[in-house]
Amino acid sequence: MTNSKVVVDDLPGVKDEAGELIDAANKGVWSFDDIYGELEQLVAGEKVGRQQQEDITFFKSVGASYYDLAVAQGVYKKALTLQIGKTVEL
């Protein structure tokens, strides 16, 4: 069975800035109640991410992408230093 989850970087920010989600909610075809959780909850292990290869996760970010990239680069460099993680082909 395929599970789908909507994960956001910041719930208040998404409710205020994510135009496509706001529009879908206003049209009644989707609800902010459908949001599974915030990214920090997945990272902290408070929420479970994908459990099967077929699972679909939609991630909506309204933060500053350059900040997200800087954090991702730091995490990547740390993982290389600690020789942890998994390489995946995209």
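1. Here we look at the sheet that holds strand E3 (residues 56-60)
Logical step 1: Judged by pairing direction, the sheet is parallel, and its 3 strands sit side by side in the order E2-E1-E3 without closing on themselves. The open sheet has two free edges, formed respectively by strand E2 (35-38) and E3, since each of these has just one partner strand. Taking the axes of each pair of neighbouring strands and ignoring which way they run, one obtains an average angle of 30° across the sheet.
Logical step 2: The pairing of strand E1 (residues 4-8) with E3 spans 5 bridges and is parallel. Of the residues in E3, the one forming a bridge with Val 6 is Phe 58.

2. Notes on the packing of aromatic side chains
How two aromatic rings sit relative to each other is given by the distance of their centres and the angle of their planes.
Logical step 1: The full count for this structure, using the stated rule, is 1 aromatic pair.
Logical step 2: With a centroid separation of 5.1 Å and 75° between ring planes, the pair formed by Trp 30 and Phe 32 is classed as edge-to-face. Here Trp 30 matches Phe 32 in class, with each residue buried.
Logical step 3: A cation over a ring is seen here: Lys 5 above Tyr 36, with NZ or CZ 4.6 Å from the ring centre.
Logical step 4: When the ring centre of Tyr 36 is taken as origin, the NZ or CZ atom of Lys 47, which lies over that ring, is 4.9 Å away.

Rules and cut-offs
Residues numbered from 1 in each chain as written. Predicted model: local features only at pLDDT ≥ 70, side-chain atom pairs only at ≥ 80, totals over all residues. Heavy atoms only, no water. Pairing = 2+ DSSP bridges. Helix = DSSP H or I, 4+ residues; strand = E, 2+ residues; numbered from the N terminus. Axes fitted to C-alpha atoms, helices over the stretch in contact; angles between N-to-C directions. Phe/Tyr/Trp six-rings, centres within 6.5 Å; stacked < 30°, edge-to-face > 60°. Buried < 20%, exposed > 50% of the residue type's maximum accessible area, 1.4 Å probe, protein only. Lys NZ or Arg CZ within 6 Å of the ring centre and 35° of its normal.

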